[in-house]
Amino acid sequence: MNLKFKEIYDNSIKNPNKFWEDVSKDIFWYKKPSKILNQSNPPFYKWFEDGTTNTCYNALDIHIQNGLGDKTALIYDSPITGKKSKFTFSNLKEKVAKFAWALQNQGVGKGDRVIIYMPMIPEAVMAMLACGRIGAIHSVVFGGFAANELASRIDDSKAKILVTASCGFEPGRTVEYKPLVDKALEIAKHKPEKLILYQREGHEVDLNNKNEISWNDAIKSAQEVDCVEMNANDFAYILYTSGTTGIPKGIVRDIGGHIVALKWTMKNIYNINQDDVWWSASDIGWIVGHSYIVYAPLFKGCTTVLFEGKPVGTPDAGVFWRVISEYKIKSLFTAPTAFRAIKKEDPEGKFFSKYDLSCFESLFLAGERADPDTLKWAESLLKVPVIDHWWQTETSWAISSNCTGIEMQKTKYGSACMPVPGYDVKVLKSDKSEAKANEMGDIVVKLPLPPGTFPTLWNADERYKKTYMSNYEGYYQTYDAGHIDEDGYVWIMSRTDDIINVAGHRLSTGAIEEVLSEHKSVAECAVLGIADKLKGQLPIGLLALKSGVKQTNEEIIKECIQMVRNKVGPVAAFKIAIIVKRLPKTRSGKILRGTIRKIADKEVYKMPATIDDPAILDEIRQDLINNKILKR
Ligand code: COA
Ligand code: AMP
């Protein structure tokens, strides 16, 4: 470990109070916090509890006050519609402040929840920032989720208002949001009072009653409203993420710690300064989009890019290089799957050679493990450092990374580098003892977690404590397994729960199983993630049928696939289901999903000692071969 990094890291762990007090001086506070960390009620820690501030002020107003009003804050580039636009900090503030007025005009105030279900358009960013401006709590729902998922988020958050758009665009199809929203509102027990809908040009939809207002009508006579002074421990947002059951977990973010930590990461992890242009090619519906399309770059005062397109097909595998060269982007953050998609289409980098990328300095990958092949391919093409770093919705910023703004570490392919300052990462074994170097175990973080992480779950303190903070007392359980090597590098190998990562999207196999079990012909089922060259993992469903079923296997499979698409959403990419006679189980009735996955991925597996009937594994193996999932 290099000395400069080591010193900073050690300080952050030995004296977190002092470390974060110093960092907190870099943001705008109405009232500076005098208490830095309250540890009196573990595992509920409070950072900066008597400070007051505002998210939107730190993202926009502060930069205008500092003379950067005419600087570009947001670049919108939409190869899917052919539109491009730029917003300076002043433009963006004006639009945000007017939409904040519109929200207030519809009765939204401090602490009220606002669901944002929108495509990747500037108005989505404006809606998020407008919530921050007036102290409302936003909950952005990814557009690829179905009505059911939207409904469960409306119910859990008890949102006062829903903000949406007439449609989104996916290659080859238009995603009509209004019917999805209508259906979600029908399913949800809680009914938001109003719907504000942004009409996309040429794709306007009918609004049906006085509670449905178009975005333009909502801002018609708007004045700019000022930022509201908020307590550091008030919540900025809720972001729902997959849990081990079908009920999503509402990860909450408190305001003060979020601003302090995220602003710090821009320089220290990503080496981004205020004059730089930064691009995170994700979606605002995911944590990467929250933190690195919207908040961190705007807190830093640099320029951020909002890209409505795909790495391939909009129009081609050169679009990332076009965007980087057109806006002189210094660093890009995306998921490895995006690079696998580009590599598949353009393995020799023919598109790449058409553009001048002399501005480009580094590529950051996260969301899933960056496989060494893809990482090396990107490195040889780009000739810049390619950095795999590890984090989660729960933390909102990287737990382990190469901190390029502090001191560059050497790359070890397959590792997510070293713990970032603030995170005391350990590997613990099931007997709770600490693993030796290179020994596998559960990856945990010693409490307290640094600022910007999740102080609790929305309305679910007990679930927070039980799920994350109980198995290893005094530690946060990440549900990732792996090891730390002799040089302190972290290696993330797999999840220890039923979460799978499909094209960098976090999905619960339990949630898919819940949907499949509802099919009238299905007696029981198992969903697991099998290795996929493009998406990292793909869900497959194994269905055991009830006796006397009249439908054909083909009909059942077709209906099951459609049910998952309708109830979880297209993002689940659930396209493979097979019918099996029986599922392998332990003697106590637990389905051996892990063993099936190993068979499907051709990994070595041990016959589970508690297996009820070992012959079923051979049957399953044969089913996988017959269905061409497993090659002989
Ligand atoms: N709204 C509605 N539908 C959406 C959507 C959205 N915002 N995003 C994705 N979908 C749909 C897609 O259209 C697709 O539907 P289909 O079954 O009708 O084709 C389905 O969800 C699966 O989408 P995706 O997993 O994105 O697969 P893809 O085949 O369309 O594209 C990649 C593959 C690799 C190009 C794509 O996954 C990608 O760009 N990934 C980047 C990674 C990323 O952004 N990760 C986020 C976390 S960092
Ligand atoms: P999400 O909450 O959607 O960001 O997903 C978080 C999960 O994605 C983590 O718990 C990991 O399982 C996985 N993940 C994210 N980044 C990495 C990485 N760099 N290497 C390995 N797994 C990762």
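Residues numbered from 1 in each chain as written. Chains lettered and ligands numbered in written order. Predicted model: local features only at pLDDT ≥ 70, side-chain atom pairs only at ≥ 80, totals over all residues. Heavy atoms only, no water.

**Q** Explain the domain arrangement of the chain to me, and be specific about the residues and the numbers.
**A** With domains assigned, the chain is organised as domain 1 (5-309 + 389-482) and domain 2 (503-626). The C-alpha centroid of domain 2 is placed 33 Å from the C-alpha centroid of domain 1. If you look at the interface, domain 1 gives 18 residues, while domain 2 gives 14 residues. With both chains or domains summed, domain 1 and domain 2 bury close to 1,200 Å², and 48% of this area falls on carbon and sulfur atoms. Counting across the interface, domain 1 meets domain 2 through one salt bridge. Notably, a salt bridge pairs E394 with R506, separated by 3.0 Å at the nearest N-O pair. Remark: the boundary between domain 1 and domain 2 carries five residue pairs in polar contact (both at pLDDT 80 or more). Among the elements that make up the side of domain 1 that touches domain 2, the one with the highest residue count is helix 6 (residues 147-157) (three residues). Counted by class, the side of domain 1 that touches domain 2 contains five nonpolar, nine polar and four charged residues. (Domains from an automatic or database assignment. Contact = heavy atoms within 4.5 Å. Buried area = accessible area lost by both parts, 1.4 Å probe. Salt bridge = Lys/Arg side-chain N within 4 Å of Asp/Glu carboxyl O. Polar contact = N/O pair within 3.5 Å; in protein donor to acceptor, adjacent residues only side chain to side chain. Helix = DSSP H or I, 4+ residues; strand = E, 2+ residues; numbered from the N terminus. Nonpolar A, V, L, I, M, F, W, Y, C, P; charged D, E, K, R; others polar.)

**Q** Give me the sheet that holds strand 26 (residues 490-495): which residues, what numbers.
**A** Pairing between the strands of a sheet is mediated by backbone hydrogen bonds and can be parallel or antiparallel. Spatial ordering of the open sheet is given by 23-24-25-26, a layout of four strands whose pairing is antiparallel. Two strands in the sheet have a free side with no partner beyond their single neighbour: strand 23 (425-428) and strand 26. If you compare each strand with its neighbour and ignore which way they point, the axes differ by 50° on average. Pairing geometry for strand 23 and strand 24 (residues 441-446), over four bridges, is antiparallel. By the bridge assignment for strand 24, K426 is matched with V444. (Pairing = 2+ DSSP bridges. Axes fitted to C-alpha atoms, helices over the stretch in contact; angles between N-to-C directions.)

**Q** Now, about the side chain of N402: what can you tell me, with residues and values included?
**A** Relative to the assigned elements, N402 resides in the loop between strand 21 (400-401) and strand 22 (418-419). Within the structure, the side chain of N402 is placed 2.9 Å from the backbone nitrogen of Q409, a separation counted as a polar contact.

**Q** So what's going on with the site of ligand 2? Which residues, and what values?
**A** Contacts to ligand 2 come from 15 residues, most closely from H389, T393, D480, R495 and R506. In the environment of ligand 2, an oxygen atom lies 3.1 Å from a nitrogen or oxygen atom belonging to the side chain of N501. Protein coverage of the free-state accessible area of ligand 2, which is 490 Å², stands at 94%. Considering only residue class, the shell around ligand 2 consists of four nonpolar, five polar and six charged. (Near = heavy atom within 4 Å. Areas by Shrake-Rupley, 256 points an atom, 1.4 Å probe, with all protein chains shown as cover.)

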